[in-house]
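Each chain is listed here by its residues.
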Amino acid sequence: MAARAGSLVAAVLAHSGRLDKEDLGTRIGRLSRRVEELKGEVCAMINKKYNEFLPSVQSAEELVSQVEGLCSNIDLLKAGIETEVQRDLNVAVAEFTELKQQLERDTLVLSILKKLQEARSSLRLLESRKGFELNILKALSTELTVQTQNMLYRLGEEWQKLAVWKLPPSKESSSLESVVHSELHLHTVSSKEEEIAGPPVASVLQAFAVLGELHTKLKIFGQLLLKHILKPLILYPSLQPCTEEQSDVFILRFKSEEPSLDQSSPMEVFDKIRLIFEVLHRYLLNVPLEQPVTDKDCGVTLAELLGDMIWEELSDCLIQNCLVNSIPTSSSKLEQYIEVIKSTEEFEEALKNMQFLKGDTTDLLKYARNVNCHFANKKCQDVIVAARNLMTSEIHNTVKITPDSCVALPRLPDPGAGDQSKTSKASELLHNDMVNLENRTKLSQYTFSLPTCRISSSVEKLMELAYQTLLEATSSTDHCCIQLFYSVRNIFQLFYDVVPTYHKENLQKLPQLAAIHHNNCMYIAHHLLTLGHQFRYRLTNVLCDGAATFVDMVPGFRRLGMECFLAQMRVQKGEILERLSSARNFSNMDDEENYCAANKAIRQVLHQLKRLGKVWQDVLPVNVYCKAMGTLLNTALTEIVTRIAALEDISAEDADRLYSLCRTMVEEGPQVFTPLPEEDKNKKYQEEVPVYVQKWMTFKELMIILQANLQEIVDQWADGKGPLAAEFSAAEVKSLIRALFQNTERRAAALAKIK
């Protein structure tokens with residue numbers, strides 16, 4: 001730097017020789033100052049460089065020491081790894097050697113077994129030849145048998161180690177508590193061991209196949225699998241499979257959880273079963289039988305053999321306890337069943353991939369796909385079961401039916417929607433031939449209504465069930481529609497057969513139940529008249545041509561109700577006649593004992609009629625009630641008239657007492673007519689007693705005779721034109737006159753006028 005400054009000054013002096021001294025001095029001073037500045041800059045630069053360099057050198061030295069320490073640690077770790085790897089390598093070599101020896105032993109055993117099998121076949125062939133007997137062959141055969149049994153025993157022990165069942169000691173092994181405590185342990189090997197020696201199960205099962213015992217062992221395993229694992233998973237919705245994998249064993253156990261529904265959906269059941277088969281396929285059954293004894297097993301895996309053994313029973317269990325319960329109960333839910341069909345297809349496809357199933361479609365999938373037929377069958381079955389439950393319920397629980405009341409009929413489409421061509425043609429004919437047939441006198445809106453009465457609430461529900469089932473049929477397929485229609489007919493046929501038999505004793509003993517049953521039959525017959533017509537054009541075409549009718553069942557139901565009620569009427573008539581039989585034929589009424597017996601009989605009959613009147617009150621229709629009570633009262637009056645008319649001698653005192661008894665019947669007899677709970681409304685029917693009691697006027701004429709003299713009787717006869725002649729024959733009147741009056745000329749004259 002100094003040399004450079006000197007040269008610079010020389011150059012300047014040389015260049016400016018012509019300058020004066022002052023200019024030279026000025027320049028020299030300027031250059032000197034510049035030189036000093038440069039010296040300062042150089043000095044500052046050197047100081048700065050060394051101040052920064054020293055710390056850098058120190059940092060570098062520290063980093064060098066750290067790197068040396070790290071290298072030392074790396075060397076130590078490398079040495080440790082080499083030592084550990086060397087030790088594991090020795091263990092691996094030992095394991096490999098052991099597995100190799102095991103493989104060689106298994107291979108040797110299999111080859112020996114095959115040779116033994118060949119020898120066994122040859123020995124059997126030799127034994128089949130006549131006259132060929134060698135001691136050596138017998139000895140070989142015995143030895144072969146012994147060795148075979150020994151081999152089977154050893155293989156059996158190995159098999160028990162591979163698949164270990166841990167079952168509870170309880171006898172009820174199928175109960176939920178027992179299943180929860182059941183376990184299946186499957187022996188496993190590591191992947192490295194499996195690559196070297198193959199799965200141990202393969203050798204054992206291949207040996208069983210050579211000895212012809214594979215199917216027996218597999219069948220026992222399949223039955224245990226069905227009983228303790230597969231069927232419980234189907235039957236118990238709360239049961240869930242749990243898996244646990246350890247170093248050399250895979251454990252399958254169960255736990256019970258609170259189910260959200262009473263029954264598991266098919267999807268949930270399929271997932272559980274699929275998990276079980278996946279476990280079995282992975283750890284036990286994915287074994288090909290490379291050299292089977294028979295040709296039919298060629299290329300068959302163990303999973304396929306097990307599937308052939310248990311699939312039929314498993315699929316039946318799945319159908320009966322899973323798919324059957326999932327069949328929809330309403331046609332509106334049929335579309336949702338597609339998920340079940342899809343899940344069934346996926347389930348079978350998964351089993352086919354695991355080789356448990358063959359390629360053919362099984363009964364399980366066929367059942368799921370045939371849902372329309374099963375829906376119809378289940379719907380019909382549910383309808384019949386519900387109907388039978390209603391029929392076997394109590395009859396005495398009743399509801400009141402009035403002309404204004406009706407079954408809640410479903411909202412149906414316009415009839416034209418069913419058969420547009422027929423309805424349009426009919427309306428066209430009506431339009432062309434239109435005639436004003438309207439009558440000024442119109443029928444009441446209740447003309448064709450069922451009269452007010454009481455019916456069983458179960459019958460009302462039964463009729464609603466019939467309507468709802470037919471409504472369901474209108475939106476179903478043709479096949480289902482026909483089945484549902486005939487199920488409704490079967491409901492009524494079942495009623496016709498079941499109710500009279502099931503309730504026979506009560507219908508015979510209890511008058512009220514007989515009346516209710518009568519109303520039930522009439523109520524059903526009333527609806528059957530129009531039931532088919534209401535749905536005729538909404539059902540399938542097969543039923544629209546006249547088959548959709550219930551009219552043919554109407555006479556049977558009417559007859560059923562009438563026969564039951566008439567049987568009860570005969571019972572009541574018998575009781576009335578039996579009570580009147582204790583009246584001692586109404587003879588010798590002057591005897592106090594006879595009079596008391598007759599009076600008691602009359603009182604008992606009236607009590608019976610009043611009791612029936614209360615029992616049938618507000619139950620029977622008013623017209624049926626009045627006819628029934630009138631018939632029973634008429635029975636009593638007819639019996640009394642017959643007994644009194646048959647008397648040969650009636651004294652004046654007897655006549656007075658007979659009149660008193662008859663007056664009791666006349667005064668209290670109308671009071672048994674109480675068809676309505678409101679007393680003021682019953683007076684109308686009590687005043688109309690002569691309308692319902694055929695012998696009422698006859699009875700009143702008898703009372704007149706008992707209190708009349710001969711002239712009054714003759715006047716009542718009026719030459720056969722009077723009121724007495726309308727009720728009694730001439731012979732009956734003469735008989736009464738002879739019994740009431742002594743034999744005098746006046747009686748003879750009166751008898752002469754009665755003709």
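Residues numbered from 1 in each chain as written. Predicted model: local features only at pLDDT ≥ 70, side-chain atom pairs only at ≥ 80, totals over all residues. Heavy atoms only, no water.

Draft legend 1. View of the overall build of the chain. In terms of regular secondary structure, the chain is built from 29 helices and six strands. Residues counted as buried form 38% of the 755 residues belonging to the chain. Taking all contacts inside the chain whose residues are at least 6 apart in sequence as the whole, residues at least 24 apart take part in 75%. Of the roughly 43,900 Å² that the chain leaves accessible, carbon and sulfur atoms contribute 52%. (Helix = DSSP H or I, 4+ residues; strand = E, 2+ residues; numbered from the N terminus. Buried < 20%, exposed > 50% of the residue type's maximum accessible area, 1.4 Å probe, protein only. Contact = heavy atoms within 4.5 Å. Areas by Shrake-Rupley, 256 points an atom, 1.4 Å probe, with all protein chains shown as cover.)

Draft legend 2. Representation of helix H7 (residues 214-235) in the model. Compared with the 32 Å implied by 1.5 Å per residue over 22 residues, the 30 Å span of H7 between its first and last C-alpha is a close match. At Leu226, H7 shows its maximal kink, close to 45 degrees. Along H7, the residues classified as buried are Leu214, Leu218, Phe221, Gly222, Leu225, Leu226, His228, Ile229, Leu230, Pro232, Leu233 and Ile234. (Expected span 1.5 Å × (residues − 1). Bend = angle between axes of the 7 residues up to and from the residue.)

Draft legend 3. Quick look at the sheet that holds strand S1 (residues 163-166). Pairing is antiparallel in the open sheet, where four strands are placed in the order S1-S2-S4-S3. Single-partner strands in this sheet number two, and they are S1 and strand S3 (239-245). Sheet twist, expressed as the average angle between the axes of neighbouring strands with direction ignored, equals 20 degrees. In terms of strand pairing, S1 meets strand S2 (residues 183-187) through four bridges, oriented antiparallel. (Pairing = 2+ DSSP bridges. Axes fitted to C-alpha atoms, helices over the stretch in contact; angles between N-to-C directions.)

Draft legend 4. Layout of the pairing of strand S4 (residues 249-256). Pairing of S2 with S4 involves four bridges; the strand directions are antiparallel. By the bridge assignment, Leu184 is partnered in S4 with Leu252. Between S3 and S4, which follow one another and run antiparallel, lie three residues.

Draft legend 5. Spatial organisation of the packing of helix H26 (residues 710-717) against helix H29 (residues 745-753). Following both chains from N to C, one finds H26 and H29 inclined at 5 degrees, their axes separated by 10 Å at the closest point. One element, H26, and the other, H29, form an angle in the roughly parallel class. Of H29, the residues touching H26 (which contributes Leu710, Val714 and Trp717) are Arg746, Arg747, Ala750 and Lys753. Counted by class, the contact of H26 with H29 contains four nonpolar, no polar and three charged residues. (Parallel < 35°, antiparallel > 145°, perpendicular 65-115°, else oblique. Nonpolar A, V, L, I, M, F, W, Y, C, P; charged D, E, K, R; others polar.)

Draft legend 6. Inspection of the packing of aromatic side chains at higher detail. In the structure shown here, the tally under the stated rule is 13 aromatic pairs. When the ring of Tyr467 is compared with that of Phe535, the centres are 6.1 Å apart and the planes differ by 50 degrees; the resulting orientation is tilted. Placement of the pair is Tyr467 in helix H14 (residues 457-474) and Phe535 in helix H17 (residues 511-535), with a sequence separation of 68 residues. Members of the aromatic cluster, joined through ring pairs, are Phe485, Tyr486, Phe492, Phe495, Tyr496, Phe550 and Phe557. Cation over ring: Arg657 sits above Tyr595, and NZ or CZ is 4.6 Å from the ring centre. (Phe/Tyr/Trp six-rings, centres within 6.5 Å; stacked < 30°, edge-to-face > 60°. Lys NZ or Arg CZ within 6 Å of the ring centre and 35° of its normal.)

Draft legend 7. Layout of a nonpolar patch on the surface. Taken together, the side chains of Met45, Ile46 and Tyr50 make up a nonpolar region of the molecular surface, amounting to roughly 350 Å² of accessible area. As for its position among the elements, Ile46 is in helix H2 (residues 21-127). (Patch = residues over 30% accessible without salt bridge, like charges linked within 9 Å, V, L, I, M, F, W, Y side chains within 5 Å. Salt bridge = Lys/Arg side-chain N within 4 Å of Asp/Glu carboxyl O.)

Draft legend 8. Geometry of unusual backbone geometry. Positioned with a positive phi, Asn588 is a non-glycine residue whose angle comes to about 50 degrees. Turning to its location among the elements, Asn588 is positioned in the loop between helix H19 (554-580) and helix H20 (592-616). Judged by relative accessible area, Asn588 falls into the partly exposed class, the value being 44%. Phi at Asp719 takes a positive value of approximately 55 degrees, unusual for a residue other than glycine. Counting through the fold element by element, Asp719 comes out in the loop between H26 and helix H27 (723-727). Using a relative accessible area of 65% as the deciding quantity, one classes Asp719 as exposed.

Draft legend 9. Structural context of the nonpolar core. In terms of nonpolar packing, the biggest core is built from 110 residues, with Leu225, Ile229, Leu230, Leu280 and Phe492 touching the most fellow members. Top contributing element to this core by residue count: helix H9 (residues 302-326), with 12 residues. Ranked by size, the runner-up nonpolar core spans 72 residues in total, among them Phe565, Met569, Tyr595 and Leu710. (Core = buried A, V, L, I, M, F, W, Y, C linked by side-chain atoms within 4.5 Å.)

Draft legend 10. Inspection of the packing of H19 against helix H21 (residues 622-645) at higher detail. The N-to-C vectors of H19 and H21 enclose an angle of 30 degrees; their axes lie 10 Å apart at closest approach. By the angle between their directions, the pair H19 and H21 is classed as roughly parallel. The hand of the H19/H21 crossing is right-handed. Note on element contacts: H21 touches H19 through Val624, Ala628, Thr631, Leu632, Thr635, Ala636, Glu639, Ile640 and Arg643, opposite Phe565, Met569, Gln572, Lys573, Ile576, Leu577 and Leu580. (Left-handed = near helix turned anticlockwise from the far one by under 90°.)

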